[in-house]
Amino acid sequence: MMSEKYIVVVGGLNLDIAGLSGPIYREFDSNIGDITTNAGGVGHNIAQNLTSLEVPTYLVTVYGDDHFGDILVNECQKANISLEYAEQLAGKKSSTYLYVTDNNGDMVTAINDMKIVDEITPDFLADKLDFINGATLCVIDGNISKASIDWLAAHVTVPIFVDPVSVAKADRFLDALDKIDTIKPNEYEAELFTGIKVVDEETAKQAAQAMLDKGIENVYISLGAKGMLAATGDKAVLVEPMVDKIVSTNGAGDCTMATLAWARFQYGGVLDVEEACQFAQAAASITIESNQAVSPDLNVRDVVRRAVENYGG
């Protein structure tokens, strides 16, 4: 087993094709703007944010033997994301994600072609289990199947961090909640897990407590412009966001998840949930200033500086 500390991310690797609107956005019309292509996917984005935060990171995923697959391998190499435990699948089309943002940087529509992610099966994961359990922690994104999530929950012995990804996929974690160390749902995903409609800080606290009661150790509920509710044990606190300039909110959640994982990796149990959340909000503020889902400007020094300047410490 390796002597270095590392994090394993299990999830999707996509080619992201983004349409970013200019200053005027009109629905059902052709809009002037920019079109970009980047490696993406929740799993990939979390992994790339982690490597930007100087964490040795392995992405357990699949990709096709097509041209997009070649691009993805090259992009991961440039980002220092190890694909040593990923697999290229013959005759399969690499995962692709197409999205459009409006003039405020908010996503207005998206189409994903992620069928290949279904190949991340329990059998695929079984021969990688020892490596996964040698990590400091394992991050799971909700794009993988419920069967694989349940298998990981039953067999992974290191702390499991979860990004539910979307309401449509969050229910895949319902039978695994008591095996999760840290989860980062938004208000709609929190409602799915608890039945509590989250509309403000008080209802967010109620939902967080309900998730803690289900066995999750740490809960971070994203409340958008209101901030993030961080909860564990008998502590629940709302951490306000840091927003100076918004270019695109795409990828901010992936950065938040990565930073929470980085905080555990870097500081262990020294930080409480509020301090970890402050770092996450600082990192997210860097991401939303970029038109890329993973900001090229993300780094440990600026995350710490922004957190200290805005929250003290």
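Predicted model only: the values in this text are computed from it and were never measured.

**Concerning the pairing of strand β4 (residues 57–60)**
Here β4 shows no split at all, with T57 and L59 on one side and Y58 and V60 on the other all buried. Alignment of strand β1 (residues 7–10) against β4, held across four bridges, turns out to be parallel. In the sheet register, V9 faces β4, and the bridge partner there is L59.

**Things to note about the environment of G142**
Within the secondary structure layout, G142 lies in the loop between β9 (137–141) and α5 (146–155). G142 sits in the buried class, given a relative accessible area of 0%. Considering only alpha carbons, one finds G142 and I81, 61 residues apart in sequence, at a separation of 20 Å. Once you skip the residues sitting within four places of it in the chain, G142 turns out to touch D163, P164, V165, K169, R172 and F173.

**Re the side chain of T96**
Its location among the elements puts T96 in strand β7 (residues 95–101). A relative accessible area of 15% places T96 in the buried class. Side-chain polar atoms of T96 contact the backbone oxygen of S94, separated by 3.3 Å.

**Notes on the sheet that holds strand β3 (residues 33–40)**
As summarised here, the arrangement of the four strands in space is β3-β2-β7-β8, forming an open sheet in which the pairing is mixed. Every interior strand has two partners, whereas the edge strands, β3 and β8 (107–113), have only one. Put simply, the sheet's adjacent strands are angled 15° from each other on average, direction ignored. Pairing analysis gives seven bridges linking strand β2 (residues 14–21) to β7, with the strands arranged parallel. Across the sheet, the residue bridging to A18 is Y99, located in β7.

Conventions we followed
Residues numbered from 1 in each chain as written. Predicted model: local features only at pLDDT ≥ 70, side-chain atom pairs only at ≥ 80, totals over all residues. Heavy atoms only, no water. Buried < 20%, exposed > 50% of the residue type's maximum accessible area, 1.4 Å probe, protein only. Helix = DSSP H or I, 4+ residues; strand = E, 2+ residues; numbered from the N terminus. Pairing = 2+ DSSP bridges. Contact = heavy atoms within 4.5 Å. Polar contact = N/O pair within 3.5 Å; in protein donor to acceptor, adjacent residues only side chain to side chain. Axes fitted to C-alpha atoms, helices over the stretch in contact; angles between N-to-C directions.

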